Amino acid sequence: MALLVALLVFLIVATLVVGLWWASERRRQMRDRLATAGVPDDTQILRPGIDQPGALGTALSGSKYYGKLGDLVVQAGFKQSTADWALVVIAFAAVGGAAAWLRTGSVAWGILAMPLAAAIPACYLAYRRHRRLTLFGAQLPEALDMLARAIRAGNALSGAIRLVGEEMPDPIGEEFRQVSEEIRLGMEPSESLSRLQYRVPVEDMVFFCTAIRIQRGSGGNLAEVLDRLAEVIRERFKILSYARVLSAQHKWSAILVGLSPAIAAVAFAILQPTYFSELLTNPIGPTLIGAGLALEAIGFFAVWRIAKIKV
């Protein structure tokens, strides 16, 4: 058993070392090529994770989960490639499964722990994505005002976008800088805005990109359009904030009501360990527990869905 554990630990460590080497090797080769061409190391022409899938990305490109992971990576604002994060997910799954297997001695628990451990990086990416998109939506009205002022001052749309990228903080400054660089390198503005809309999938950004496309196709006063759009987004943000305040009580009620049976069960189990003995030993006990958990889940999601207001 000790030999098996040592072999397993060696395989996990070797996998992590090889994976980190593989992830850094492509960047080193890219830096070498750029240095040979006389381009500075900090020049970023192609964004990692979108244009350079790599060997692992090519192998996993047929999986829909790999595509969803790539969307999370891009929309969370990370510069690493999707293949790098896929390697992190695989490492978490391997370490989590091995730890559960060694701790319990059961292969079944190890297999069950693998997807749970693999979900940790995905949950972190989802959290970073939500926080980044929320901050972007709060910064967008000010950015639209700056765009309108720059256009009134005589700047073209590309110049106004570059000004926003230079003056606004991240994440909106970072995204507008990338749009400016793409337009400067020859990409069509409509395509660049489509890529921006993919990286920042919020409804207000859809309104902005649609307004720019319509104005470029039919003409009109773009500064006035941006002013009106900024005003609409601000009013929508106020209404949404008010709706969130009104629905917060119902959401927390759903959370507390859903957790109260579990908290009470843990308290009874600690205070009186034999309290649930009859329920657990009775043949109908597991059925009653499963039915209770199912009803709890249905009630929680019903209250949560009622409290969720979309503006």
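Residues numbered from 1 in each chain as written. Predicted model: local features only at pLDDT ≥ 70, side-chain atom pairs only at ≥ 80, totals over all residues. Heavy atoms only, no water.

**Remarks on the overall build of the protein chain**
A count of helices and strands for the protein chain gives twelve helices and zero strands. Along the chain direction, N to C, the helices and strands of the protein chain fall in the order α-α-α-α-α-α-α-α-α-α-α-α. Scored against the burial criterion, the 311 residues of the protein chain give a buried share of 31%. Of all intrachain contacts in the protein chain linking residues separated by at least 6 positions in sequence, the fraction that spans at least 24 positions is 65%. For the protein chain, the accessible surface area stands at approximately 19300 Å², while carbon and sulfur atoms represent 67% of it. (Helix = DSSP H or I, 4+ residues; strand = E, 2+ residues; numbered from the N terminus. Buried < 20%, exposed > 50% of the residue type's maximum accessible area, 1.4 Å probe, protein only. Contact = heavy atoms within 4.5 Å. Areas by Shrake-Rupley, 256 points an atom, 1.4 Å probe, with all protein chains shown as cover.)

**Brief notes about helix α7 (residues 172-184)**
Between the first and last C-alpha of α7 there are 18 Å, a value that for 13 residues agrees with the 18 Å anticipated at 1.5 Å per step. Every buried residue of α7 is listed here: Ile172, Gly173, Glu174, Glu175, Phe176, Gln178, Val179, Ser180 and Glu182. Tucked into the core, α7 has its buried residues touching α5 (107-152), α6 (157-167), α8 (189-199) and α9 (203-218). Trailing α7 by a residue or two, Gly186 shows a phi angle of about 110 degrees, which is positive. (Expected span 1.5 Å × (residues − 1).)

**A look at the confidence of the model for the protein chain**
Residue-level pLDDT values for the protein chain average 79, and 79% of them are 70 or greater. Ranking the elements of the protein chain by mean pLDDT puts helix α2 (residues 54-60) last with 55 and α7 first with 90. Scored below 50 in pLDDT, residues 39-51 shows 22 contacts in the model against residues more than four places distant or in partner chains. (pLDDT = per-residue confidence, 0-100.)

**Looking at the packing of aromatic side chains**
Pairs of aromatic rings are described using the distance from one ring centre to the other and the angle between the two planes. The final tally for this structure, using the stated rule, is five aromatic pairs. Ring geometry for Phe176 and Phe208: centres 6.1 Å apart, planes at 45 degrees, overall tilted. Here Phe176 is found in helix α7, whereas its partner Phe208 is found in helix α9, with 32 residues between them in sequence. Judged by relative accessible area, which is 1%, Phe176 ranks as buried. When its relative accessible area of 1% is taken as the criterion, Phe208 is described as buried. Each member of the aromatic cluster is reached from another via a ring pair, and the members are Phe78, Trp85 and Tyr124. (Phe/Tyr/Trp six-rings, centres within 6.5 Å; stacked < 30°, edge-to-face > 60°.)

**A few points about the environment of Gly258**
With respect to the secondary-structure elements, Gly258 resides in helix α10 (residues 222-271). Separated by 42 residues in the primary sequence, Gly258 and Phe300 have C-alpha atoms spaced 6.1 Å apart.

**A look at the environment of Gln197**
Residue placement: Gln197 occurs in helix α8. In this structure Gln197 comes out as partly exposed when scored by relative accessible area, which is 24%.

**Things to note about the packing of α5 against α6**
Look at α5 against α6: their axes get within 9 Å of each other, and the N-to-C directions meet at 135 degrees. When the axes of α5 and α6 are compared, the pair comes out oblique. Between α5 and α6 the crossing geometry is right-handed. On α6, the residues touching Ala143, Met146, Leu147, Ala150 and Ile151 of α5 are Leu157, Ala160, Ile161, Leu163, Val164 and Glu167. Taken together, the residues that form the contact of α5 with α6 break down as ten nonpolar, no polar and one charged. (Axes fitted to C-alpha atoms, helices over the stretch in contact; angles between N-to-C directions. Parallel < 35°, antiparallel > 145°, perpendicular 65-115°, else oblique. Left-handed = near helix turned anticlockwise from the far one by under 90°. Nonpolar A, V, L, I, M, F, W, Y, C, P; charged D, E, K, R; others polar.)

**Focus on a nonpolar patch on the surface**
Together, Leu279, Leu280, Ile284, Leu288, Ile289 and Leu293 give the surface a local cluster of nonpolar side chains, amounting to about 560 Å² of exposed area. For the nonpolar patch, the secondary-structure elements that each account for two or more residues are α11 (277-281) and α12 (285-307). Here the nonpolar patch takes three residues from α12, the largest share from any one element. Along the chain, Leu279 falls in helix α11. Using a relative accessible area of 31% as the deciding quantity, one classes Leu279 as partly exposed. (Patch = residues over 30% accessible without salt bridge, like charges linked within 9 Å, V, L, I, M, F, W, Y side chains within 5 Å. Salt bridge = Lys/Arg side-chain N within 4 Å of Asp/Glu carboxyl O.)

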